[in-house]
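# Reading the structure
Listed here are the chains, written in short residue letters.
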Amino acid sequence: SSDEVSRIKPWAAFTLIGRPRLVQAPTLDAELMQTAVALNKEIYGLETMQEMVDTLENISMQDQIEILNDTVCNQAQIIRDTWLLVQLYMARDLAGIARFNEQPHQDDTVFNRFMQRILYDRNALMLDRMDVYLSRGKAFIAVGAAHLPGKDGLLSGLARKGYKIAVVF
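This write-up is about the structure you can find in this document.

## Thoughts on the environment of Phe111
- Turning to its location among the elements, Phe111 is positioned in helix 8 (residues 108-136).
- Residue classification places Phe111 among the buried residues on the basis of a relative accessible area of 16%.
- Sequence spacing of Phe111 and Asn101 is ten residues, and the spatial spacing of their C-alpha atoms is 9.8 Å.

## Description of the packing of aromatic side chains
- Under the counting rule described, the total for this entry stands at two aromatic pairs.
- With a centroid separation of 6.0 Å and 75° between ring planes, the pair formed by Phe14 and Phe114 is classed as edge-to-face. Taken together, the residues span a long stretch of sequence, with Phe14 in helix 2 (residues 10-17) and Phe114 in helix 8 at a distance of 100 residues.
- Given the relative accessible area of 7%, Phe14 is considered buried.
- With centroids separated by 4.9 Å and ring planes inclined at 25°, the aromatic side chains of Tyr44 and Tyr133 adopt a geometry described as stacked. One end of the pair, Tyr44, is in the loop between helix 3 (28-38) and helix 4 (49-57); the other, Tyr133, is in helix 8, and 89 residues separate them in sequence.
- When the ring centre of Tyr44 is taken as origin, the NZ or CZ atom of Arg136, which lies over that ring, is 5.7 Å away.

## Observations regarding the packing of helix 4 against helix 8
- Remark: helix 4 packs on helix 8, axes separated minimally by 10 Å, with the N-to-C direction vectors making an angle of 150°. For the element pair helix 4 / helix 8, the angle class is roughly antiparallel. Crossing of helix 4 against helix 8: the hand is right-handed. The residues of helix 8 that touch helix 4, namely those facing Glu51, Met52, Thr55 and Leu56, are Phe114, Arg117, Ile118, Arg122, Leu125 and Arg129.
- Looking at the contact of helix 4 with helix 8 residue by residue, the classes come out as five nonpolar, one polar and four charged.

## Remarks on the pattern of salt bridges
- This model, assessed by the stated rule, comprises six salt bridges.
- Ionic pairing is found between Lys9 and Glu57, a salt bridge with its closest N-O pair at 3.0 Å. Of the two residues, Lys9 is situated in the loop between helix 1 (2-7) and helix 2 and Glu57 in helix 4; the sequence distance between them amounts to 48 residues.
- A relative accessible area of 38% means that Lys9 is categorised as partly exposed.
- Judged by relative accessible area, which is 30%, Glu57 ranks as partly exposed.

## A look at the side chain of Gln64
- Among the structural elements, Gln64 can be located in helix 5 (residues 61-73).
- A distance of 3.0 Å separates a polar side-chain atom of Gln64 from the backbone nitrogen of Trp11.
- Setting aside its immediate chain neighbours within four residues, Gln64 contacts Pro10, Trp11, Phe14, Leu56, Glu57 and Ile59.

## A short note on the nonpolar core
- Judged by nonpolar contacts, the single largest core of 14 residues is most densely connected at Trp11, Phe14, Leu56, Ile67, Phe114, Met115 and Ile118.
- Taken together, the elements giving at least two residues each to this core come down to helix 2, helix 5 and helix 8.
- Considering every element that reaches this core, the biggest residue donor is helix 8, with six residues.
- For Leu56, the residues in contact, after removing those within four places along its chain, are Trp11, Gln64, Phe114 and Ile118.
- Membership of the second largest hydrophobic core comes to seven residues, among which are Leu46, Leu127, Leu154 and Leu158.

About the cut-offs
- Residues numbered from 1 in each chain as written.
- Predicted model: local features only at pLDDT ≥ 70, side-chain atom pairs only at ≥ 80, totals over all residues.
- Heavy atoms only, no water.
- Helix = DSSP H or I, 4+ residues; strand = E, 2+ residues; numbered from the N terminus.
- Buried < 20%, exposed > 50% of the residue type's maximum accessible area, 1.4 Å probe, protein only.
- Phe/Tyr/Trp six-rings, centres within 6.5 Å; stacked < 30°, edge-to-face > 60°.
- Lys NZ or Arg CZ within 6 Å of the ring centre and 35° of its normal.
- Axes fitted to C-alpha atoms, helices over the stretch in contact; angles between N-to-C directions.
- Parallel < 35°, antiparallel > 145°, perpendicular 65-115°, else oblique.
- Left-handed = near helix turned anticlockwise from the far one by under 90°.
- Contact = heavy atoms within 4.5 Å.
- Nonpolar A, V, L, I, M, F, W, Y, C, P; charged D, E, K, R; others polar.
- Salt bridge = Lys/Arg side-chain N within 4 Å of Asp/Glu carboxyl O.
- Polar contact = N/O pair within 3.5 Å; in protein donor to acceptor, adjacent residues only side chain to side chain.
- Core = buried A, V, L, I, M, F, W, Y, C linked by side-chain atoms within 4.5 Å.

And the structure:
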């Protein structure tokens with residue numbers, strides 16, 4: 001209804017508008033969770049749902065509106081870019097994902113603030129929280145691929161902490 005639309009926050013709108021049409025297939029997250037449950041593994045989160053929402057809530061209203069305007073005006077390109085990211089992921093091309101995240105945007109200042117909040121600040125938090133599980137050994141940690149590459153990515157952060165990084169798949 002129009003009343004519901006009037007209450008939606010700009011960050012929720014740009015998140016929904018900027019996504020490709022859903023496909024009828026389980027997400028990788030759901031598959032990993034189902035496998036862990038079937039194997040009777042302990043499951044922990046590196047961040048809570050409330051922390052993820054707070055990350056978006058704490059983007060300034062001016063930036064949210066700018067991102068929403070950009071998303072509405074460039075939706076077709078954003079959808080194409082999403083499929084490009086899927087292809088980079090399927091090709092295991094972390095360098096390509098990092099380059100994708102560094103490409104110029106309509107307003108680089110807004111984009112840089114957004115990336116700092118949505119990716120790099122969360123990476124720092126996740127990196128700290130991983131230590132508990134990694135120190136116990138035999139940990140399997142799943143994160144979105146965009147969190148891995150770059151100087152502020154999780155792989156570099158783990159290497160700085162002294163962990164050995166190796167490709168296993």
